Amino acid sequence: MAALWVEDGVYDVDSGYLAGHGELAAMVGSDQHQAFIARGCGHFLTPAHITVEHDHAIAAGHSLLVLRERDAFLIHRVTAHHWPLTRTPDGWRVRRRTSRILDGDVFAHRLLAAGVRGEQPHRPAGADDRAARTAAAGRPGRAS
Amino acid sequence: MAALWVEDGVYDVDSGYLAGHGELAAMVGSDQHQAFIARGCGHFLTPAHITVEHDHAIAAGHSLLVLRERDAFLIHRVTAHHWPLTRTPDGWRVRRRTSRILDGDVFAHRLLAAGVRGEQPHRPAGADDRAARTAAAGRPGRAS
Amino acid sequence: MAALWVEDGVYDVDSGYLAGHGELAAMVGSDQHQAFIARGCGHFLTPAHITVEHDHAIAAGHSLLVLRERDAFLIHRVTAHHWPLTRTPDGWRVRRRTSRILDGDVFAHRLLAAGVRGEQPHRPAGADDRAARTAAAGRPGRAS
């Protein structure tokens, strides 16, 4: 999965902030991620709205994360995504994934509104800062 | 959103009947629509089955509307859609969106069956009439 | 629906094992399948990951099956799918659909992992045998 990102690519989700292939690979191998897979889950993404300009692109869309709970499958979260991409000699790669839960949060709406215009979202103060983002993560019941 | 429709395009959903850009834009700005966004929601559409004939097309598919309820995301409805489209100098535009909840309703099934054959559905008496459609709308718990 | 398969195509789902157009058509007409439609349901598939090699292809993806329960729509199951396809004079046709519920089952994971590499999954002993598969089917609450 990490190989879909550029080497110093960023994963900026309300549940956590990761940068670079090493951290991305560690997340996929983490106990929480592997527990989701063992329990039963599915992540459904809308087809992305993509704006391509030369070797850069912005993709936007939203997703549904479903987790199994005993005999039921429940929707864990609905999430907005904004993806700047770069064309490399090996194909398109993700520079950053910014994702926020769609619970009325204004920044989540900005990700979609800016994304479909092919623009960067206006980030709230501290939103691009690893320390602030890490402190904001870890709310209960929130995973990408 | 209204700009995706032709100027006199129709939005014919069990929750309401709208015609023309003015009514479409008013719906998007309505308290109910804005309340869905503020509360947290996501609308997931299947890739459409599209039949193109010269400058006309018929698209069909179904969708899942998810709304947040406190800490949970619940499926509000599953809906069948039938979209006749026209190619204009500005690109493809929607002539009509006919949508019905998939609760066993025979007309909802006709939308899909006719849609994948690239045909218009056979409409029940009154189904194309604004007054009848408006009277049928407004059932509790039903939104597009 | 049966016409999407080659004449001797196989439908290998945890809920049942079918082979050939006759059995596929009978399933679609079955009381259970028709009861799902009458009650209200929707099946949502991710865009498939497809590997094409000459006249053969492997597609993989997962799906969400939603069923209406009185006034609610609930997720009945999340399922992994692996589809080998063949190009025929009439277009692409399904040779086999192998589907397993995503409840932690290792074979379900293999369907996706092999599928995105364009490969056949390693099948557990008996997994390709109609008698064993039929005996394993019919668990409560399991339908494709």
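Data block above holds the structure.
Quick caveat: nothing in here was measured; it's all calculated off a predicted structure.

All names here are of chain B. Where helix α1 (residues 20-29) contacts helix α2 (residues 31-39), the two axes come as close as 5 Å, and the packing angle between them is 40 degrees. Considering their axes alone, α1 and α2 lie oblique with respect to each other. Packed against α1, whose contacting residues are Met 27, Val 28 and Gly 29, the element α2 presents Asp 31, His 33 and Gln 34 at the interface. Residue composition of the contact of α1 with α2, by class: two nonpolar, three polar and one charged.

With that out of the way, let us pick up the interface of chain A and chain C. Each partner contributes to the interface: chain A provides 13 residues, whereas chain C provides 14 residues. Between chain A and chain C, the buried area comes to about 1,000 Å², and carbon and sulfur atoms account for 68% of it. Applying the counting rule to chain A against chain C returns zero salt bridges. Viewed at the interface, chain C and chain A are joined by three residue pairs in polar contact (both at pLDDT 80 or more). Secondary-structure elements contributing two or more residues to the side of chain A that touches chain C are α2 (31-39), β3 (41-45), β5 (56-69) and β6 (72-88) of chain A. It is β3 of chain A that provides the largest number of residues to the side of chain A that touches chain C, a total of four residues.

Taken as a whole and assessed by the stated rule, the structure comprises one cavity of 30 Å³ or more. By volume, the largest cavity amounts to about 170 Å³. Lining the largest cavity are 15 residues, and of these Phe 44 and Leu 45 of chain A, Phe 44 and Leu 45 of chain B together with Leu 45 of chain C lie nearest its centre. Of all the secondary structure elements, the ones that give two or more residues to the lining of the largest cavity are β3 of chain A, β3 (41-45) of chain B together with β3 (41-45) of chain C.

The rules we used
Residues numbered from 1 in each chain as written. Chains lettered and ligands numbered in written order. Predicted model: local features only at pLDDT ≥ 70, side-chain atom pairs only at ≥ 80, totals over all residues. Heavy atoms only, no water. Axes fitted to C-alpha atoms, helices over the stretch in contact; angles between N-to-C directions. Helix = DSSP H or I, 4+ residues; strand = E, 2+ residues; numbered from the N terminus. Parallel < 35°, antiparallel > 145°, perpendicular 65-115°, else oblique. Contact = heavy atoms within 4.5 Å. Nonpolar A, V, L, I, M, F, W, Y, C, P; charged D, E, K, R; others polar. Buried area = accessible area lost by both parts, 1.4 Å probe. Salt bridge = Lys/Arg side-chain N within 4 Å of Asp/Glu carboxyl O. Polar contact = N/O pair within 3.5 Å; in protein donor to acceptor, adjacent residues only side chain to side chain. 1 Å grid on protein atoms, 1.4 Å probe; cavity = no way out; pocket = protein on both sides within 12 Å on 5 of 7 lines; lining within 4 Å. Points joined across faces, edges and corners; volume = space filled by probe spheres on them.

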